[in-house]
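Given next are the chains, with one letter for each unit.
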Amino acid sequence: FNHKTFTMNNLLANYERILEVLRKISTDTLLIYQRRRPKLFDLELISLVLTAEFMGIDSENHLFRNLPKALSCKIERSIYNRRKRRLSAQINHIRLKLAQEFNESENCFIVDSMPLEVCKMARVNRSKICKEQQYSMPNRGFCASQQLSFYGYKLHAVCSLNGVFQSIDISPASVHDIHFLQDIKTQMSDCLLLGDKGYLSQTIQIDLFNEVNIRLETPKRTNQKDYKPQFYQYKKYRKRIETLFSQLCDQFMIRRNYAKSFDGFKTRILAKITALTVVQYINKTYFNRNINNLKTQII
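Residues numbered from 1 in each chain as written. Predicted model: local features only at pLDDT ≥ 70, side-chain atom pairs only at ≥ 80, totals over all residues. Heavy atoms only, no water.

Each helix and strand counted, the protein chain has 10 helices and 6 strands in total. Taking 19 Å as the expected radius of gyration for a compact globule of 299 residues, we find that the protein chain reaches 20 Å, a close match to that expectation. Its C-alpha atoms put the protein chain at 65 × 50 × 45 Å along the principal axes. Taking all contacts inside the protein chain whose residues are at least 6 apart in sequence as the whole, residues at least 24 apart take part in 65%. Across the protein chain, the mean location of the 47 positive side-chain charges is 7 Å away from that of the 27 negative side-chain charges. (Helix = DSSP H or I, 4+ residues; strand = E, 2+ residues; numbered from the N terminus. Rg over C-alpha atoms; globule rule 2.2 N^0.38 Å. Contact = heavy atoms within 4.5 Å. Lys, Arg positive; Asp, Glu negative; His and termini not counted. Charge placed at Lys NZ, Arg CZ, Asp CG, Glu CD.)

Set out below in structure tokens:
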């Protein structure tokens, strides 16, 4: 049994299936080039990025060691890395198109955040990761649900009840969850939004309802005036996003960071979430099975 041949064949088959999906919603060339046309089209490169994330190949060296000759002869690793970062906006655009297929008729969403550590607290003072620009520098934060101090960023996300990410954002770790709700106003409207106690704010609640007709539902603190326990079904719904975060950590290894620049870090996070959404789309369209069965064959 030749493990390398099996990996190469599997990688190529997964790549072709993901490329088939992407070609339904996009075109091969996504950026305007001034020089000669590349051998590996933009959409083919994005498909390779998403295939690597789906298969848990987190190291580019490892990816290029296992890359079939049909692909390796078309691109070098350093060029692949640069082009991948340049295509981050297009990767997000593909994710949004796929999310629209799932969430078009949804009117109930869940909002939450999770910590994204870039290094351990002991290394903070000598770490140079993602420090090339002042606006995007990581910092210290605290995750109340895990009772954890960490250094890095927060991933803010909104997902539908069926478990598809609608809106995502990355902020430095010290930014409070509630500030993400200001961004949501430009992206969503006319829906019910379920959050945990981190999103508790009467001012924001009224503002969202008046401006874009979003009804924000959060559990009240027990010492609040007119305290009532949150509707049980809402608590149950909120577990959906926690399961998604667990899948991102487990299968897509979102907490493992090899990036040195913020652009590289952001592109990695975006690629992992887009790969998850593509697998959900394949589950629904090709196999008519539960979209959140992510540890499964797509070929």
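Back to the write-up after that little detour.
The subject of this paragraph is the packing of aromatic side chains. Geometrically, a pair of aromatic rings is defined through the distance of the ring centres and the angle of the planes. A complete count under the given rule lists 5 aromatic pairs for this structure. Pairing Phe102 with Tyr281 gives two aromatic rings, centres 6.4 Å apart and planes at 90 degrees, and the pair type is edge-to-face. Placement of the pair is Phe102 in helix H6 (residues 88-103) and Tyr281 in helix H10 (residues 262-285), with a sequence separation of 179 residues. Both rings, one in Tyr153 and one in Phe262, keep their centres 5.3 Å apart while their planes meet at 45 degrees; by these two values the pair is tilted. With a gap of 109 residues between them, Tyr153 in strand E3 (residues 148-160) and Phe262 in helix H10 connect regions that are remote in the sequence. Assessed through its relative accessible area of 10%, Phe262 is described here as buried. Here the aromatic residues Tyr153, Phe262 and Phe265 are joined through ring pairs into a cluster of three or more. Note that Arg289 overlies the ring of Phe287, its terminal NZ or CZ placed 4.0 Å from the centroid. (Phe/Tyr/Trp six-rings, centres within 6.5 Å; stacked < 30°, edge-to-face > 60°. Buried < 20%, exposed > 50% of the residue type's maximum accessible area, 1.4 Å probe, protein only. Lys NZ or Arg CZ within 6 Å of the ring centre and 35° of its normal.)

Our next topic: the packing of H6 against H10. Packing of H6 against H10 brings their axes to within 9 Å, and their N-to-C directions diverge by 30 degrees. Here H6 lies roughly parallel to H10, going by the angle between them. The chirality of how H6 crosses H10 is left-handed. On H10, the residues that touch Ser88, Ile91, Asn92, Ile94, Arg95, Leu98, Ala99, Glu101 and Phe102 of H6 are Lys266, Thr267, Leu270, Ala271, Ile273, Thr274, Thr277, Val278, Gln280, Tyr281 and Lys284. Residues belonging to the contact of H6 with H10 are distributed by class as follows: 10 nonpolar, 6 polar and 4 charged. (Axes fitted to C-alpha atoms, helices over the stretch in contact; angles between N-to-C directions. Parallel < 35°, antiparallel > 145°, perpendicular 65-115°, else oblique. Left-handed = near helix turned anticlockwise from the far one by under 90°. Nonpolar A, V, L, I, M, F, W, Y, C, P; charged D, E, K, R; others polar.)

These figures capture arrangement, not role.
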